[in-house]
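Each chain is listed here by its residues.
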Amino acid sequence: MSERDIASLYKNFESETEGINSAADLEELRLRYLGRKGLIAELTGSIPTLEKSERAEFGKQVNALKNRIISLLGEKEKFLGRGSGEARESVDITMPAFLPELGHRHLITQLISEICGVFEKMGFLVIEGPEVETEYNNFTGLNIPLEHPSRDAFDTFYLKGKNRLLLRSHTSPVQIRVMKSRKPPLAVVVPGRVYRPDATDASHLFMFYQIEGFMVDTNIRFSDLKGTLEFFLKKIFGPDVRMRLRPHFFPFTEPSAEVDISCNICNGKGCSTCGRKGWLEILGAGMIHPNVLRNVGYSPKKYSGFAFGMGIERIAMLKYGIQDIRIFYENDLRFLKQF
Ligand code: PHE
């Protein structure tokens, strides 16, 4: 056996392979070349009969031939698997497919659509505003004067530059934008991100989501606010939830209230979640301050309105009994997959 013989053996093998189109024939070919009594075994077996000096080189060539044969057989096998006719028997087309794992929307995104959906049913429009705001829209227009201590409650990230742009600290500036660009009657909800330079802990993040809501028309009364909120809270927390309003202060509403719901863990009896009070604070609300109406060019004599604002993560925490706000944004699938 010489080098040339080895090369022609491979050529033979190649042309034989080409003619094959069934798995059974391919197996027959494989055995004829690679089987225990096959051609390769025969070649290997002949090595001891060679001159000592030739054995190593010849062995190497036989090995290379064997590898080329194995790899061509592999390719042919793959080809037949994909192909038609008899070859298909090696693929079980009745086997259930491997389905790709589908993701889903984040809990907070789901809750935002759920909440907006409740308000849309009542005729509210969903409008979004920018996260970078002017100082006027975030503060001044909302009757929060410069250098007034009430600004501390909305501690703010300012951007570099002379025009005092900032990351909005609440969604209320969208009230100003919408009222300036449209005319009453208005019923609008505004979901979106807000930013405050708070130190992160179990109940604070420097970025979170709010939903603002407001309605402006002739003859909008505090009872309209109450009825709207009660309808909304029952949709989100169930028909048995009770609501109460406590007097509060916001510069952009007068009168203002903080709204509580009966604790959904202890049903109002008092537990560790509600601090034994039986009530959980859930949002801020009030009648739009006449100064705000004037700032957008509405006459407070003709129009009145209510507004409210809530933190989405807080609602999610109360609805699902989540203890730590940070878990929403840690991207831990063990948590996210539960919703
Ligand atoms: N903007 C207030 C906040 O972020 C919430 C609020 C909105 C209160 C509208 C009253 C009316 O805390």
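If you're wondering where the values come from, they're calculated on a predicted model, not measured in any experiment. (Residues numbered from 1 in each chain as written. Predicted model: local features only at pLDDT ≥ 70, side-chain atom pairs only at ≥ 80, totals over all residues. Heavy atoms only, no water.)

1. Topic: the overall build of the protein chain
Step number 1: Helix and strand counts for the protein chain stand at eleven helices and ten strands.
Step number 2: Oriented by its inertia axes, the alpha-carbon framework of the protein chain measures out at about 115 × 50 × 40 Å.
Step number 3: Across the 339 residues that make up the protein chain, the buried fraction comes to 41%.
Step number 4: Long-range pairs, those at least 24 residues apart, make up 65% of the contacts in the protein chain between residues at least 6 apart in sequence.
Step number 5: Surface accessibility of the protein chain: about 19500 Å² in total, with carbon and sulfur atoms responsible for 53%.
Step number 6: In the protein chain, which carries 46 positive and 42 negative side-chain charges, the distance between the mean positions of the two groups comes to 7 Å. (Helix = DSSP H or I, 4+ residues; strand = E, 2+ residues; numbered from the N terminus. Buried < 20%, exposed > 50% of the residue type's maximum accessible area, 1.4 Å probe, protein only. Contact = heavy atoms within 4.5 Å. Areas by Shrake-Rupley, 256 points an atom, 1.4 Å probe, with all protein chains shown as cover. Lys, Arg positive; Asp, Glu negative; His and termini not counted. Charge placed at Lys NZ, Arg CZ, Asp CG, Glu CD.)

2. Topic: the domain arrangement of the protein chain
Step number 1: Along its sequence, the protein chain is carved into domain 1 (3-88) and domain 2 (107-336).
Step number 2: For domain 1 versus domain 2, the distance between C-alpha centres works out to 76 Å. (Domains from an automatic or database assignment.)

3. Here we look at the sheet that holds strand β3 (residues 157-158)
Each strand in a sheet pairs with another by means of backbone hydrogen bonds, the pair being arranged parallel or else antiparallel.
Step number 1: What the three strands build is an open sheet, ordered β2-β4-β3; its pairing is antiparallel. The open sheet has two free edges, formed respectively by β2 (132-133) and β3, since each of these has just one partner strand.
Step number 2: Looking at chain direction, β2 and strand β4 (residues 166-167) are connected through two bridges and run antiparallel. The partner of E133 across the bridge, within β4, is L166. (Pairing = 2+ DSSP bridges.)

4. What to know about the site of the ligand
Step number 1: Around the ligand lies a shell of 14 residues, among which H170, S172, R196, Q210 and G309 are the nearest.
Step number 2: At 3.0 Å from a nitrogen atom of the ligand is found a side-chain nitrogen or oxygen belonging to S172.
Step number 3: Surface burial for the ligand is 92%, taken as the share of its 320 Å² of free accessible area covered by protein chains.
Step number 4: Elements with a minimum of two residues in the shell around the ligand: β6 (207-217), β9 (279-288) and β10 (304-311).
Step number 5: Per element, the largest residue contribution to the shell around the ligand is three residues, and it comes from β10.
Step number 6: Broken down by class, the residue content of the shell around the ligand amounts to six nonpolar, six polar and two charged. (Near = heavy atom within 4 Å. Polar contact = N/O pair within 3.5 Å; in protein donor to acceptor, adjacent residues only side chain to side chain. Nonpolar A, V, L, I, M, F, W, Y, C, P; charged D, E, K, R; others polar.)

5. Some words on helix α10 (residues 312-320)
Step number 1: Taken together, the buried positions of α10 are I312, E313, I315, A316, M317 and L318.
Step number 2: Buried-residue contacts for α10 involve α5 (107-121), β6, α8 (222-237), β9 and β10.

6. Here we look at the pairing of strand β7 (residues 243-250)
Step number 1: Across seven bridges, the pairing between β7 and strand β8 (residues 253-262) is antiparallel. Counted as the bridge partner of R244 is D260 from β8.
Step number 2: Between β7 and β8, which follow one another and run antiparallel, lie two residues.

7. A few points about α8
Step number 1: End to end, α8 covers 22 Å across 16 residues, agreeing with the expected 22 Å (1.5 Å per residue, within 8%).
Step number 2: Along α8, the residues that are buried comprise L225, T228, L229, F232, L233, I236 and F237. One side of α8 carries all its buried residues, which in axial view fall inside an arc of 135°.
Step number 3: Directly beyond the C-terminal end of α8, a positive phi value near 100° is found at G238. (Expected span 1.5 Å × (residues − 1). Arc of directions from axis to C-beta.)

8. Points about the state of the cysteines
Step number 1: Going through the model one piece at a time under the given rule, you end up with zero disulfides.
Step number 2: C274 carries a free sulfur, and the closest cysteine sulfur to it, the one in C266, is 3.7 Å from it. (Disulfide = S-S within 2.5 Å.)

9. Some points on the packing of aromatic side chains
Step number 1: Counted by the stated rule, this structure contains twelve aromatic pairs.
Step number 2: Centroid distance F13 to Y33: 4.8 Å. Interplanar angle 70°. Geometry classified as edge-to-face. Here Y33 lies in helix α2 (residues 23-34) and F13 lies in helix α1 (residues 3-18), a separation of 20 residues in the sequence. Taken individually, F13 and Y33 each receive the classification buried, so the pair is uniform in this respect.
Step number 3: Look at F119 and F124: their rings are 5.2 Å apart centre to centre, the planes differ by 70°, and that puts the pair in the edge-to-face class. Each of the two residues, F119 as well as F124, counts as buried.
Step number 4: An aromatic cluster of at least three residues, connected via ring pairs, comprises F119, F124, F232, F306 and F308.
Step number 5: The residue whose ring lies beneath R164 is Y158, and the NZ or CZ to ring-centre distance is 4.6 Å. (Phe/Tyr/Trp six-rings, centres within 6.5 Å; stacked < 30°, edge-to-face > 60°. Lys NZ or Arg CZ within 6 Å of the ring centre and 35° of its normal.)

10. Examining the side chain of S172
Step number 1: Structurally, the position occupied by S172 is in the loop between β4 and α7 (173-181).
Step number 2: Given the relative accessible area of 4%, S172 is considered buried.
Step number 3: Not counting residues within four places of it along the chain, the set of residues in contact with S172 comprises L142, E212 and F252.

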